[in-house]
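So you can see what is in the structure, the chains are spelled out below.
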Amino acid sequence: MINGIKGVYFDAGGTLLHPHPSVGEIYALVLKRWGVDLPAEPLQSAFRASWNHLTRTARDFTDENSEKEWWRNLVLMTIEESQRPEDFGGFFEDLYVSFARPEYWRLHDGALRCLQTVRSAGLKTGIISNWDHRLRSILVGMPLGEVMDDIIISSEVGCEKPNPKIFLEGSKRWGFEPGELLYVGDSLHHDIEPCRKLGWSAVLIHSHEQVPPGVSVVQGFEELCELLGI
């Protein structure tokens, strides 16, 4: 059990919510609108490879413009040149806006119930995410926005995880000591390691093949509430 926690920040994508039906299927749907018919499965695999490549190196600075350019480069890497729509710019804008729509996102099972339980126990809840302004439009269309005391988005504060500055911003906003803060995420590199270095408690959520010794892991949100004793 984790004791003495006053505030819990959560990662957003992959932790609280996920694309629906899948990134590959959304790509395929938008591509079809622009006259390109590609199967979802290879697009999903290509996206994952591009994502892994581009997220290896953290950026010390980010804003809305650099964030959008980052996504444009990812799409260029994901879709082979010979398969891209003739009007790539128009297609990209369509794709970019599509991923801001709440209907293309779903909450992980138990996420909302857990957040409601955490708040009912008197703890603050928030999000710290590597994202851009689109996250706010997604949250507006979901019940999540109603159970969050704070939302910190990398493009708005100028740095991204695992840079400790983005976590320190959360600590500063709530005025809590490191030992009074918990972060819940699905990435060892971006979420768990930087928080533990700052003295925060950190919990890795969902299934993972290899977890270093000493890292707290839960398979779902019900387990998280049990770990907090609420």
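What counts, and at which threshold
- Residues numbered from 1 in each chain as written.
- Predicted model: local features only at pLDDT ≥ 70, side-chain atom pairs only at ≥ 80, totals over all residues.
- Heavy atoms only, no water.
- Helix = DSSP H or I, 4+ residues; strand = E, 2+ residues; numbered from the N terminus.
- Rg over C-alpha atoms; globule rule 2.2 N^0.38 Å.
- Buried < 20%, exposed > 50% of the residue type's maximum accessible area, 1.4 Å probe, protein only.
- Pairing = 2+ DSSP bridges.
- Axes fitted to C-alpha atoms, helices over the stretch in contact; angles between N-to-C directions.
- Contact = heavy atoms within 4.5 Å.
- Salt bridge = Lys/Arg side-chain N within 4 Å of Asp/Glu carboxyl O.
- Polar contact = N/O pair within 3.5 Å; in protein donor to acceptor, adjacent residues only side chain to side chain.

Colleague: Would you mind showing me how to read the overall build of the protein here?
Modeller: In terms of helices and strands, the protein carries 10 helices and eight strands. Radius of gyration (C-alpha) of the protein: 18 Å, near the 17 Å computed for a compact globule of 230 residues. Taking the principal axes of its C-alpha atoms as reference, the protein extends roughly 55 × 35 × 35 Å. Looking at the protein as a whole, 48% of its 230 residues are labelled buried.

Colleague: Can you help me understand the sheet that holds strand β5 (residues 150–153) in this one?
Modeller: Pairing between the strands of a sheet is mediated by backbone hydrogen bonds and can be parallel or antiparallel. In space, the six strands of this open sheet follow the order β5-β4-β1-β6-β7-β8, with parallel pairing throughout. With one partner strand each, in any of the chains shown, β5 and β8 (216–218) form the two edges of the open sheet. Adjacent strand axes in the sheet meet at a mean angle of 25°, parallel and antiparallel pairs treated alike. Examined bridge by bridge, strand β1 (residues 7–10) and strand β4 (residues 124–129) share four bridges and lie parallel to one another. Within β4, the position partnered with F10 by the bridge is I127. Each of β1 and β4 touches helix α5 (residues 111–120); the most contacted strand, β4, lies at about 130° to it. Each of β6 (181–185) and β7 (201–205) touches helix α9 (residues 188–197); the most contacted strand, β7, lies at about 160° to it.

Colleague: When you look at the pattern of salt bridges in this model, what are you seeing that I'm missing?
Modeller: This structure, assessed with the given rule, holds 10 salt bridges. K68 serves as the salt-bridge partner of E93, at 3.0 Å between the closest nitrogen and oxygen. Of this pair, E93 sits in helix α4 (residues 88–98) while K68 sits in helix α3 (residues 64–78), placing them 25 residues apart in sequence. Since its relative accessible area comes to 27%, K68 is described here as partly exposed. A salt bridge links R173 to E169; the shortest N-O distance between them is 2.8 Å. Linking R173 with E169, this pair stays in helix α8 (residues 164–174), spanning four residues, or about one helical turn. Each of D11, K161 and D191 takes part in a single network of salt bridges with overlapping partners.

Colleague: When you look at α9 in this model, what are you seeing that I'm missing?
Modeller: In an α-helix, one turn spans 3.6 residues, which is why side chains three or four residues apart end up on the same side. Those residues of α9 not exposed but buried are H190, D191, I192, P194 and C195. Those residues of α9 hidden inside the fold are in contact with α8, β6 and β7. The backbone nitrogen of H189 lies 3.4 Å from a side-chain oxygen of the residue at the head of α9, namely S187. Where α9 ends, the next residue or the one after it, G199, has phi of about 90°, a positive value.

Colleague: Looking at this structure, I do not really get the side chain of E180. What am I missing?
Modeller: With respect to the secondary-structure elements, E180 resides in the loop between α8 and β6. According to the relative accessible area criterion, E180 is buried, its value standing at 19%. Filtering out sequence-adjacent residues up to four positions away, E180 remains in contact with G4, I5, K6 and G7.

Colleague: Please clarify how the pairing of β1 should be interpreted in this entry.
Modeller: Each regular strand shows side chains that alternate between the opposite faces of the sheet. On β1, burial covers both faces: G7 and Y9 on one face and V8 and F10 on the other are all buried. Across four bridges, β1 lies against β6 in parallel orientation. Bridge pairing links G7 to L181 in β6.

Colleague: Can you walk me through unusual backbone geometry in this structure?
Modeller: Excluding glycine, most residues fall at negative phi; most peptide bonds, likewise, are trans. The step from H20 to P21 runs through a cis peptide bond, and the omega angle for that step is 5°. In this fold, P21 is placed in the loop between β2 (17–19) and α1 (23–33). In this model, K161 is joined to P162 through a cis peptide bond whose omega is 10°. Assignment of secondary structure puts P162 in the loop between α7 (154–157) and α8. The backbone of H206 sits at a positive phi, close to 80°, despite the residue not being glycine. Topologically, H206 is positioned in the loop between β7 and β8. Of the residues examined, H206 reaches a relative accessible area of 15% and is grouped as buried.

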